[in-house]
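Here's the letter readout for the chains.
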Amino acid sequence: MDLNLIKEFLKKIELFRELADDELELLAGNLELKELDENQVIFTESNPRKNLYLIFDGEIELYKKTPFGTEKRLSYFSRYDFLGEGSLMDDSPHSTSARTLLKTKVYLIPKAKFQKLFEVKPELAAHILSKIARVISRRMRQANVHVINAGSQYQSGRTRSEHDLLGDREVPYEFYYGVQTLRALENFNISGVTLSSYPLLIESLAIVKMAAATTNCEIGLISKPVADAIVQACNEIINGKYHTHFVVDMIQGGAGTSTNMNANEVIANRALEILGYEKGDYKYCHPNNHVNLSQSTNDAYPTAVKLAIIKANKRLIGVIEQLVNSFRAKGEEFADVVKMGRTQLQDAVPMTLGQEFESYAVTLGEEVVRLQENADLFLEVNMGATAIGTGINAPKGYSEKCIEHLRIITGLDIKLASNLVEATQDTGAFVMYSSAVKRLAVKLSKISNDLRLLSSGPRTGLNEINLPPMQPGSSIMPGKVNPVIPEVVNQIAFKVIGNDLTVTLAAEGGQLELNVFEPVIVQSLFESIEMLKNGMMTLKHKCIDGITANIDRCKSLVENSIGIITALNPHLGYETSTSLAKEALETNRGVYELVLERKLMSKDELDEVLKPENMIKK
């Protein structure tokens, strides 16, 4: 490639700004061009950093593996971005992985070449390393205010001027959001949890905006090129791009307006790029006049939330079903392990450990039906209601057309609410769904309590089952191992129960034609869903799948229990059985030996009655 073109390319990269021509030429001479296919892995976490990568063309995503083998996208990078700069600072391995999203060209400089370059021209090293230090400092500063995205990590210093009702502001050029999101970012540094934490909500916002743009185009309110650009921008967001630019805190004032404007601004600025204009050139595609056309926060935001919960509920159910399968498998594994059942923490009657675990599978399986029933309430939406349900600024026929496009895009049986004024102020569906989520949490907590009791000891507790040891249990008591996985599930349940109360109070606190507290309802529900999903997966993989039974211990407790007297009651009568139970308690002897000693039954008769299959109805 032409040397001048390479130098121009290097000038636009943050690390090499302000370098002299001779320094740029020196760098250019050490570049290696690499052409990468789509979906090609560039580097993987925990492996050594070897190169600095400069993106000339294409796109690269940064991702990280979760403990369960799934992937979490962190960000994506395109032309003039760079990766692997840490290789110039120390010998630590990559903390993330990277792969191409498209066919991509990168210029790379191997670490060894950089080191030689620095020996030749140390002042060049000092300049580049100071730039890297500033980049890292900026990342940390942005992380502290919860703005972790590709733009904030690679600010060039270039800005664009935007204005709103309150005046003019300078917005960093790389950000796809605009002035209203910038104000929300400054006003609502509340929970530290931003919209980008919930990709399904971002995708659903894009779906709503896509349906609205398509409808507005059909009605003749916006031109086809503008509508097509909005639709393309929304499709990109639905496919996972630009999520890091959704930076508003989940808990916010304004009934969700900040969330809605964050979406409007990101979509508008990306649409402008697609149309060939600069970000912020809103006369061609405006966040309010085009992306938010025929809408209000009060119909677009709750509709997006409902779509996101429907999707999140589907994933929640999938995790429940996996956990149910694990309990059911343990039920089959322990089908022949006889143990004592207990009521009020006292010996009751014999059962099998398999029956106990199968009951957990059944009780959690019931929640699948309950959750789906309540999630179906979210199929009713209020698109076209605009501000309070009267439909002001939405043209005739808009609601029906928009609903039809939502049905096509999502494949869901979405319906328009029969009374839009009622639907705009009502949050009853959120209360119902939150209650179902709480019910799941209560059951999980009860099961976790059982697991902690059944595994208690090991010498002085029930000790009927062994939980997989996950970590040392004490900083002072050697050998102690705690049931940490059921404990964390208990705590998740407590949080979910608290979130349900928050949803209830927020729903009750709404006034007149709008409930302004929807943001905390939304945050509470999504937090509960995510925590339950993570907790159940942890419970499955790190606890249930690895549980073993102490068969001899279970059998011994049955044989020594007074509870087996219930099985003898039909043969000996209530009075005799009561007398035997009392004597067994007072003398600390077993019922079995007392029956033989009193010659109330022969050994063969007694053994027949006390056979597991005769005591337990399977």
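Residues numbered from 1 in each chain as written. Predicted model: local features only at pLDDT ≥ 70, side-chain atom pairs only at ≥ 80, totals over all residues. Heavy atoms only, no water.

K.L.:
Can you help me understand the overall build of the protein chain in this one?
P.N.:
For the protein chain, the count of helices and strands is 23 helices and 16 strands. On C-alpha atoms alone, the protein chain measures out to a radius of gyration of 32 Å, which is more than a quarter above the 25 Å that the 2.2 N^0.38 rule sets for 618 residues. In terms of its C-alpha atoms, the protein chain occupies a principal-axis envelope of roughly 105 × 70 × 40 Å. Taken over 618 residues, the protein chain has a buried fraction of 51%. Within the protein chain, contacts between residues at least 6 apart in sequence are counted, and of these 72% link residues at least 24 apart. Surface accessibility of the protein chain: about 28400 Å² in total, with carbon and sulfur atoms responsible for 52%. With 68 positive and 78 negative side-chain charges, the protein chain shows a separation of 3 Å between the mean positions of the two kinds. (Helix = DSSP H or I, 4+ residues; strand = E, 2+ residues; numbered from the N terminus. Rg over C-alpha atoms; globule rule 2.2 N^0.38 Å. Buried < 20%, exposed > 50% of the residue type's maximum accessible area, 1.4 Å probe, protein only. Contact = heavy atoms within 4.5 Å. Areas by Shrake-Rupley, 256 points an atom, 1.4 Å probe, with all protein chains shown as cover. Lys, Arg positive; Asp, Glu negative; His and termini not counted. Charge placed at Lys NZ, Arg CZ, Asp CG, Glu CD.)

K.L.:
Looking at this model, I keep getting lost on the packing of helix α8 (residues 224–238) against helix α9 (residues 257–275). Mind explaining?
P.N.:
If you want to describe how two helices pack, look at the angle between their axes and the distance between the axes. Two elements in contact, α8 and α9, have axes separated by 8 Å at closest approach and are oriented at 120°. Pair α8 / α9 crosses with right-handed handedness. Within the contact between the two elements, α8 uses Pro225, Val226, Ala229, Ile230, Gln232, Ala233, Cys234, Glu236 and Ile237 and α9 uses Val266, Ile267, Arg270, Ala271, Ile274 and Leu275. When grouped by side-chain class, the residues that make up the contact of α8 with α9 number 12 nonpolar, one polar and two charged. (Axes fitted to C-alpha atoms, helices over the stretch in contact; angles between N-to-C directions. Left-handed = near helix turned anticlockwise from the far one by under 90°. Nonpolar A, V, L, I, M, F, W, Y, C, P; charged D, E, K, R; others polar.)

K.L.:
I'm lost on the sheet that holds strand β7 (residues 97–100) in this one. Help?
P.N.:
Strand pairing in a sheet takes place through backbone hydrogen bonds and is either antiparallel or parallel in direction. Read across the sheet, four strands follow the order β2-β7-β4-β5 without closing on themselves; strand pairing throughout is antiparallel. Two strands close off the open sheet at either side, each with one partner strand: β2 (41–43) and β5 (71–77). In this sheet, adjacent strand axes meet at a mean angle of 30° when their direction is disregarded. Relative to β7, β2 is paired through two bridges, and the arrangement is antiparallel. The residue bridging Val41 from the neighbouring strand is Arg99, located in β7. (Pairing = 2+ DSSP bridges.)

K.L.:
I keep staring at the pairing of strand β12 (residues 346–352) and nothing clicks. Help me out?
P.N.:
Along a regular strand, successive side chains alternate from one face of the sheet to the other. Here strand β11 (residues 338–343) runs beside β12; their pairing, made up of five bridges, is antiparallel. Bridge pairing in β12 places Thr343 opposite Gln346. Once β11 ends, the chain turns through two residues before running back antiparallel as β12, passing Gln344 with a positive phi of about 55°.

K.L.:
Sorry if this is basic, but what is going on with the nonpolar core here?
P.N.:
For soluble globular proteins, the rule of thumb is that nonpolar side chains tend to be buried together. The biggest cluster of nonpolar side chains holds 117 residues, and the ones touching the most others in it are Ile230, Tyr433 and Leu532. With 16 residues, the top contributor of residues to this core is helix α11 (residues 297–333). When residues no more than four places from it in sequence are discounted, the contact partners of Ile230 are Lys209, Ala213, Ile222, Ile267, Ala271, Cys285, His290 and Val291. With 24 residues, the next largest nonpolar core counts Phe16, Phe82, Leu124 and Ala125 among its residues. (Core = buried A, V, L, I, M, F, W, Y, C linked by side-chain atoms within 4.5 Å.)

K.L.:
Is there a simple way to explain the sheet that holds strand β3 (residues 51–57) in this structure?
P.N.:
Judged by pairing direction, the sheet is antiparallel, and its four strands sit side by side in the order β1-β8-β3-β6 without closing on themselves. On the outer flanks of this sheet lie β1 (32–36) and β6 (82–83), each paired with one strand and no other. Where β3 lies against β6, two bridges are found, and the strand directions are antiparallel. By the bridge assignment for β6, Leu54 is matched with Phe82. Sheet strands touched by helix α1 (residues 3–11): β3 and β8 (104–110). Its angle to β3, the strand with the most contacts, is close to 110°.

K.L.:
Explain helix α7 (residues 199–219) here, please?
P.N.:
Because an α-helix packs 3.6 residues into every turn, residues spaced three or four apart end up facing the same way. Relative to the 30 Å expected for 21 residues at 1.5 Å per residue, α7 spans 30 Å between its end C-alpha atoms, a close match to the ideal helical length. Counting buried positions along α7 gives 16 out of 21 residues, so the element sits mostly inside the fold. The first or second residue beyond α7 is Gly220, which carries a positive phi of 95°. (Expected span 1.5 Å × (residues − 1).)

K.L.:
Whenever I open this one, the packing of aromatic side chains confuses me. Can you help?
P.N.:
When we look at a pair of aromatic rings, we describe it by the centre distance and by the angle of the planes. Applying the stated criterion across every chain yields a total of 15 aromatic pairs. Ring geometry for Phe327 and Phe357: centres 6.1 Å apart, planes at 40°, overall tilted. Of this pair, Phe327 sits in helix α11 while Phe357 sits in helix α12 (residues 353–375), and the two are 30 residues apart along the sequence. Given a relative accessible area of 0%, Phe327 falls into the buried group. An aromatic cluster of at least three residues, connected via ring pairs, comprises Phe9, Phe56, Tyr80 and Tyr107. Directly above the ring of Phe56 sits Arg79, whose terminal nitrogen or CZ lies 4.5 Å from the centroid. The side chain of Lys279 reaches across the aromatic face of Tyr176, ending 4.7 Å from its centre. (Phe/Tyr/Trp six-rings, centres within 6.5 Å; stacked < 30°, edge-to-face > 60°. Lys NZ or Arg CZ within 6 Å of the ring centre and 35° of its normal.)

K.L.:
Help me understand the side chain of Asn374 in this model?
P.N.:
Of note, Asn374 is situated in helix α12. When near neighbours in sequence (up to four residues on either side) are disregarded, Asn374 contacts Met432, Tyr433 and Ala436.

K.L.:
Just to check I follow, could you spell out the environment of Tyr177 for this structure?
P.N.:
Along the chain, Tyr177 falls in the loop between β10 (167–172) and α6 (179–187). In the structure, Tyr177 is positioned 180 residues away from Phe357 in sequence and 51 Å away in space, judged by C-alpha atoms.

K.L.:
Can you help me understand the pattern of salt bridges in this one?
P.N.:
Two side chains of opposite charge can pair, provided their charged atoms sit close to one another. Scanning the entire structure with this criterion turns up 37 salt bridges. Arg439 is the salt-bridge partner of Glu366, the closest N and O atoms lying 3.8 Å from each other. Highlighted residues: Glu366 in helix α12 and Arg439 in helix α15 (residues 428–454), separated in sequence by 73 residues. Given a relative accessible area of 34%, Arg439 falls into the partly exposed group. Here Lys443 ties to Glu367 by a salt bridge, and the two come within 2.7 Å at their closest N and O atoms. Residue Lys443 is found in helix α15, and its partner Glu367 is found in helix α12; the two are separated by 76 residues along the sequence. Using a relative accessible area of 16% as the deciding quantity, one classes Lys443 as buried. Linked by salt bridges that have partners in common, Glu236, Arg270, Glu273 and Lys279 make up one network. (Salt bridge = Lys/Arg side-chain N within 4 Å of Asp/Glu carboxyl O.)

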